[in-house]
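Here is what each chain is made of, one letter per residue.
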Amino acid sequence: MPVCVQPSSRCFWLSVPPWCRRCRSLCRCHRRGSARSCSTGARVNTQPLFGVGSASVPCPTTRRRRSCAVEMNPVKAQTTQGEIKADLKFKTAGPGQKLSEPSRAPKEKPKAEVAPKPRQAPTDEAQMAAAAALARLELKPKGKAPSASQEAIKNQVKKELMAEAAASEKGLSMEEKEQEEQGAAAPSVSGVYFICPLTGDIVRKDQKEKHLREAIQAYFSVDPVAASIMEIHTFNKDREKVRACVETMAKYLDNIYLHPEEEKYRKIKLQNKVFQERISCLEGTHKFFQAVGFETKTLPVPGQEATEEYYVLKEEMLSRLEELKDCKEQLLSSEPVRAQLHRQLTVFQPSPAAARFELPHDFFNLTAEELRREQRLRTEAVEKASMLRTRAMREKEEQREMRKYNYTLLRVRFPDGYILQGTFYARESVSVLYNFVREALREDWLPFELLGPGGLKLTDENLAFNECGLVPSALLSLAWDAAVMADVEAAAEEQRSPLRPELLARVQTLS
């Protein structure tokens, strides 16, 4: 802004600068010198003022606004603009500081305190909903807190024992007792049953292991060598240890067969480290050695006064070396004794309740090993739930979920309405079901197809039931080859069911 030489007098230039707003140079009417007289007679400094810009300036004589006619060099005008900006920036930087003075920390501007927003009151609708919820809670009866005292636990156990005793007197199991009390519908099957391969008896799932052990123990009176081999392969669950044990025992017998004159091969030290780690720790091994002709003897240790126990082959067995060789081959080729799953083949009359299943607890009960596997799968599922999964990963997880079922109950509905039912392992292939249906047909050569839920054809017979989603139960439909069935019906004198007559004689009603 212009600075008046006589500040006491009123000057027109104190309010309006005589500069052009474009180039900051003097207007045409003020460009004749660095000092002029204003309308009041005062002398005014008319040099450019940094950082000041204005519109066109009224002339002090005529009081009229005139347009600026720039007559300055454009390069000079641009330089002047840069100097103005630099000087303005320097003046707004604040007071200076000498290099010899200690540094001063910049003053922080006080932050304005933000007043907390007042909380909005709940609306009328929200208040009415809260009052209704409180009223429902007050009307709901409060249950007694569970007592954790020793007396309450004893009373509960006593009640359960009394209920079990009453059920056993009545001839019912606990599961049947619960179903009778609750009035639940009868299950589709009474349970999962197995066939003992040694006796042919049909036993429940929970009695399978006990019955197998009793059957093998009874077989010792018939063939002790075969019975001991069954014990080794059946009751020792670690297959790797069984393999190492069988190979070591076969090596003992092979050495005797190849070198019968060598006495050292006919003796086995019981405290030997290899014998203890591979053979003695498994069930049935000592019975096998006794069955093939070894007897226990206490012999002195060479070079020592102490004695050790040995298995020593009897002298009469040297003339029956071929029997030892046969025992070795039988030991190497044997497999565990497994009870066969009883299909419980049943034929039902046509019923609209074919798709309704009531499965017993045997289809869902898990052993200790199965529980550990289920816990591991659930832990993996929780870890994977926190990350994004592709479609293939989701399908794989669904299949893994299906694998937790060990058994499945399948029904096949024929075109005439009859229903064929059977129990299967969940990991068995679809081909087993096709064979199951063929065995029930009067003419097993008739071509047919099986349709799963939703009409999906089961064409790949190598897939397992759990991979097809047919667990723990499913209803399938049977479809004949139309051309073949037309020829069969034309050749037959009367229309009859394709199922075997002995199955139709035991037909039941599906409740």
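Quick notes on the rules
- Residues numbered from 1 in each chain as written.
- Predicted model: local features only at pLDDT ≥ 70, side-chain atom pairs only at ≥ 80, totals over all residues.
- Heavy atoms only, no water.
- Pairing = 2+ DSSP bridges.
- Helix = DSSP H or I, 4+ residues; strand = E, 2+ residues; numbered from the N terminus.
- Core = buried A, V, L, I, M, F, W, Y, C linked by side-chain atoms within 4.5 Å.
- Buried < 20%, exposed > 50% of the residue type's maximum accessible area, 1.4 Å probe, protein only.
- Contact = heavy atoms within 4.5 Å.
- Phe/Tyr/Trp six-rings, centres within 6.5 Å; stacked < 30°, edge-to-face > 60°.
- Lys NZ or Arg CZ within 6 Å of the ring centre and 35° of its normal.
- Polar contact = N/O pair within 3.5 Å; in protein donor to acceptor, adjacent residues only side chain to side chain.
- Salt bridge = Lys/Arg side-chain N within 4 Å of Asp/Glu carboxyl O.
- Arc of directions from axis to C-beta.
- Axes fitted to C-alpha atoms, helices over the stretch in contact; angles between N-to-C directions.
- Parallel < 35°, antiparallel > 145°, perpendicular 65-115°, else oblique.
- Left-handed = near helix turned anticlockwise from the far one by under 90°.
- Nonpolar A, V, L, I, M, F, W, Y, C, P; charged D, E, K, R; others polar.

S.K.: So what's going on with the sheet that holds strand β9 (residues 340–341)? Residues and values would help.
M.R.: Pairing within the open sheet is antiparallel, and its 3 strands lie in the order β5-β4-β9. Edge positions in the sheet fall to β5 (202–204) and β9, since each has one partner strand and no second. As paired strands, strand β4 (residues 193–195) and β9 are joined by 2 bridges and run antiparallel to one another. Residue phenylalanine 194 lies in a different strand from β9, and its bridge partner there is leucine 341.

S.K.: I'd like to hear about the nonpolar core, residue by residue, with values.
M.R.: Among the nonpolar cores identified, the biggest contains 29 residues, and Phe414, Leu433 and Val437 are the most heavily contacted of them. Ranked by residue count, the leading element in this core is helix α13 (residues 430–440), at 6 residues. Those residues within four positions of valine 437 in sequence are excluded, and the remaining contacts are Val412, Phe414, Leu420, Phe448 and Leu478. The next biggest cluster of nonpolar side chains, apart from the first, holds 26 residues, and it includes Ile229, Val242, Met249 and Leu313.

S.K.: Let's hear about the packing of aromatic side chains: which residues, and what values?
M.R.: Here the distance between the centres and the angle between the planes together describe a pair of aromatic rings. Throughout the structure, instances matching the rule amount to 14 aromatic pairs. Considering the side-chain rings of phenylalanine 414 and tryptophan 480, the 6.3 Å spacing of their centres and the 45° angle between planes classify their relative orientation as tilted. Linking phenylalanine 414 in the loop between β11 (407–413) and β12 (419–425) with tryptophan 480 in strand β14 (residues 473–480), this pair joins segments that are 66 residues apart in sequence. Residue phenylalanine 414 is classed as buried on the basis of its relative accessible area of 3%. Between the aromatic rings of phenylalanine 448 and tryptophan 480, the centroid separation amounts to 6.3 Å while the plane-to-plane angle is 80°, which identifies the pairing as edge-to-face. Of the two residues, phenylalanine 448 is situated in strand β13 (residues 448–451) and tryptophan 480 in strand β14; the sequence distance between them amounts to 32 residues. Residue tryptophan 480 is classed as buried on the basis of its relative accessible area, which comes to 18%. Positioned above the aromatic ring of phenylalanine 235 is the side chain of arginine 213, whose terminal nitrogen or guanidinium carbon lies 3.9 Å from the ring centre. Over the aromatic face of phenylalanine 357 sits the side chain of arginine 411, whose NZ or CZ is 4.2 Å from the ring centroid.

S.K.: Describe the side chain of glutamine 421, listing the residues and the values that go with them.
M.R.: Mapped onto the elements of the fold, glutamine 421 is located in strand β12. For glutamine 421, a relative accessible area of 1% corresponds to the buried category. Within polar-contact distance, the side chain of glutamine 421 engages the side chain of arginine 411 at 2.8 Å. Filtering out sequence-adjacent residues up to four positions away, glutamine 421 remains in contact with Ser188, Val189, Gln344, Leu345, Thr346, Phe348, Leu409, Leu410, Arg411 and Phe436.

S.K.: For the pattern of salt bridges, give the residues involved together with the corresponding values.
M.R.: This model, assessed by the stated rule, comprises 11 salt bridges. Two residues, arginine 213 and glutamate 283, come together in a salt bridge whose shortest N-O distance is 2.7 Å. With arginine 213 in helix α5 (residues 208–219) and glutamate 283 in the loop between α8 (273–280) and α9 (285–291), the pair connects residues that are 70 residues apart, well separated along the chain. You can call arginine 213 partly exposed: its relative accessible area is 35%. When its relative accessible area of 30% is taken as the criterion, glutamate 283 is described as partly exposed. Here the salt bridges share partners, and the residues they tie into one network are Glu240, Arg243 and Glu247.

S.K.: Outline unusual backbone geometry, listing residues and values.
M.R.: Excluding glycine, residues mostly have negative phi values, and the peptide bonds linking residues are mostly trans. Cis geometry marks the peptide bond from valine 471 to proline 472; its omega dihedral reads -5°. Structurally, the position occupied by proline 472 is in the loop between β13 and β14. One non-glycine residue, glutamine 344, lies in positive phi territory at about 55°. Structurally, glutamine 344 can be placed in the loop between β9 and β10 (346–348).

S.K.: So what's going on with α13? Residues and values would help.
M.R.: For α13, the complete set of buried residues consists of Val430, Leu433, Tyr434, Phe436, Val437 and Ala440. One side of α13 carries all its buried residues, which in axial view fall inside an arc of 160°. Where α13 is buried, its residues touch β11, β12, β13, β14 and α15 (501–504).

S.K.: Could you give an account of helix α14 (residues 482–491), naming the residues involved and the relevant values?
M.R.: Because each turn of an α-helix spans 3.6 residues, side chains separated by three or four positions in sequence point in the same direction. A small share of α14 lies buried, amounting to 1 of its 10 residues. Between the side-chain oxygen at the start of α14 and the backbone nitrogen of alanine 483 there is a gap of 3.2 Å, and the oxygen is on aspartate 481.

S.K.: I'd like a description of the packing of helix α7 (residues 239–258) against helix α10 (residues 321–333), backed by residues and values.
M.R.: Two elements in contact, α7 and α10, have axes separated by 10 Å at closest approach and are oriented at 165°. Overall, the two elements α7 and α10 adopt an arrangement that is roughly antiparallel. Here α7 and α10 pass one another in a crossing that is left-handed. Judged by residue contacts, Val246, Met249, Ala250, Leu253, Asp254, Ile256 and Tyr257 of α7 engage Leu321, Glu322, Leu324, Lys325, Lys328, Leu331 and Leu332 from α10. Taken together, the residues that form the contact of α7 with α10 break down as 10 nonpolar, no polar and 4 charged.

S.K.: Give a detailed account of the sheet that holds strand β7 (residues 294–300), specifying residues and quantitative values.
M.R.: Spatially, the 3 strands line up as an open sheet ordered β6-β8-β7, and their pairing is antiparallel. The outermost strands of the open sheet, each flanked by one partner alone, are β6 (267–269) and β7. Neighbour to neighbour, the strand axes of the sheet diverge by 35° on average, direction disregarded. The pairing of β7 with strand β8 (residues 307–313) spans 7 bridges and is antiparallel. The partner of lysine 297 across the bridge, within β8, is tyrosine 310.

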